[in-house]
Amino acid sequence: MGNRSSRTTWSPDGWQRLEARHQPDYPDQTAYQAVLEQLATLPPIVFPGEIVQLRGRIAEAAAGRQFILHGGDCVERFIDCTPQTITNKLKILLQMSVILSHAARRPVLRIGRIAGQYFKPRSAAFETIAGRTVPTYRGDTINGYAADQREPDPERLLKGYFHATATLNYIRSMIDGGFADLHQPYSWNLHSIEQTHRWGEYRAIVDHILDAIHFMESFGGLRNENLGRIDFYTSHEGLHLGYERALTRPEGERWYDTSAHLLWIGERTRDRAQAHVEFFRGVSNPIGVKLSATAEPRDIVALARELDPDGEAGRLMLITRLGEEQVRGRLPDLIEAVASAGLDVAWMCDPMHGNTTTLAGGRKTRDFDSVLGELDATFEVHRAAGTHLAGVHFELTGDDVTECTGGALELAERDLEARYESYCDPRLNYAQSLEMAFLISRFLREQRPG
Ligand code: PEP
Ligand code: CO
């Protein structure tokens, strides 16, 4: 309490007094300040009204009346800001949402890790590439992936802003214009799958996919039953506080971070005494917090109170990413602590970040079965606790990449070099994502309301 009462007043710049981890060190501070000033004059990327609407939908999901599909790249790349790649990302999320909604008998709320997911926290500040020690890559808004572009450049923040607006503008126009070519990326993937010797095994899944697509088309494309249009929200990790502050604007009595609808605080920056929690406690967007197996139940209760002092429905999403082996040991105590404190949160599961392995050559990968295993255990623990899993959080792409092992095509470690494109963590590819949606449908059927 003592700690909280000293913090009852909030100002959008109050975080600057505290330690902020994972912030770039700009060699030219004058140039950095000039960029922040320019960002502060630019239009909001999303509107407060949409943010409020999303909070309402997350509240519904927390109560078990909707289900959340949250997903996209680990880190977006500027070179992927193309119509085809954005279309493929949107389509895989929409197709998965139809499969999930069919199984759950609930509307599915779609939130992309998109239009602003350009910032990465990194465990190591430096790495060695071809014998040279260089700063690690921190996302296209900070530095470049090429070894000779690793110096943080503030101009990249402006580029990030404009890539986010271009991406969201294209998403909005696709939604308003309808999806005439829903089958297109599907047929393209089907073609590549048919070439493989595993086609026989894959056939049954493809038949399900076809059914799902017909199902989607039969209810008028992908329009939301209530709103008469597709609803889709954006999110990214709220990491770079200078950038987030510049896009945070007052509206009535409240402040909204207009860089995205939902911001989440990463596992590495959720310390209550530090700048990220201080900044985000004062903005009115829904806020996610990632929780690894090191999360202490008492700490998480205190953190939840800090971020959501008024217990506002739909404000807080707790995203567990414990690792397949840790769920049964760790999750029950977290759920119990939050429930006994009387807190209303949306529980989410990110089955990706606790199941990452590094191969001998340095590639990071994740195995399809571990991802599925964490989900299975998480659904089971929530069922036993009498709580709802409000949704799932994936790193995935609509493209045919080779980054995670397993799945119906049984990608092996030796297959990963073929099309490993991620600049950071490995994503489920198009086929693995669809298959994942079918497999978790089973858990959702058991969780159906009423
Ligand atoms: C991420 O979501 O890409 C990420 C870095 O996650 P976490 O903070 O859970 O490690
Ligand atoms: Co990641």
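For the structure, check the block above.
All values reported here derive from a predicted model rather than from experimental measurement. (Residues numbered from 1 in each chain as written. Chains lettered and ligands numbered in written order. Predicted model: local features only at pLDDT ≥ 70, side-chain atom pairs only at ≥ 80, totals over all residues. Heavy atoms only, no water.)

Asker: Would you explain the site of ligand 1 in this entry?
Answerer: Residues in close proximity to ligand 1 include C74, R113, K120, E237, W264, G266, E267, R268, K290, R321, H353 and E395, which together make up its full environment. Take E267: an N or O atom from its main chain is 2.9 Å from an oxygen atom of ligand 1. Interatomic distance of 2.7 Å between a side-chain N/O atom of K290 and an oxygen atom of ligand 1. Coverage of ligand 1 by the protein amounts to 98% of the 290 Å² it exposes when considered alone. (Near = heavy atom within 4 Å. Polar contact = N/O pair within 3.5 Å; in protein donor to acceptor, adjacent residues only side chain to side chain. Areas by Shrake-Rupley, 256 points an atom, 1.4 Å probe, with all protein chains shown as cover.)

Asker: Mind showing me how you'd approach the pairing of strand β10 (residues 316-320) here?
Answerer: Along any regular strand, the residues point their side chains to alternate faces of the sheet. Counting buried positions over the five residues of β10 gives five, a clear majority of the element. In β10, alternate side chains face the same way, and those of L316, L318 and T320 on one face and M317 and I319 on the other are all buried. Sheet topology places strand β9 (residues 287-291) next to β10; five bridges connect them, and they run parallel. Considered in β10, the bridge of K290 is made with I319. After leaving β9, the chain enters helix α10 (residues 297-307) and then returns to the sheet as β10, a path that is right-handed. The sheet contact formed by β10 and strand β11 (residues 346-349) spans four bridges and is parallel. Opposite I319, over in β11, you have M348 as the bridge partner. Handedness of the β10-helix α11 (residues 327-340)-β11 crossover: right-handed. (Buried < 20%, exposed > 50% of the residue type's maximum accessible area, 1.4 Å probe, protein only. Helix = DSSP H or I, 4+ residues; strand = E, 2+ residues; numbered from the N terminus. Pairing = 2+ DSSP bridges. Right-handed = clockwise from strand over helix to strand, strands pointing away.)

Asker: I would appreciate a short explanation of the environment of L168 in the present structure.
Answerer: Among the structural elements, L168 can be located in helix α5 (residues 155-177). Spatially, the C-alpha atom of L168 lies 8.2 Å from that of I114, the residues being 54 residues apart in sequence.

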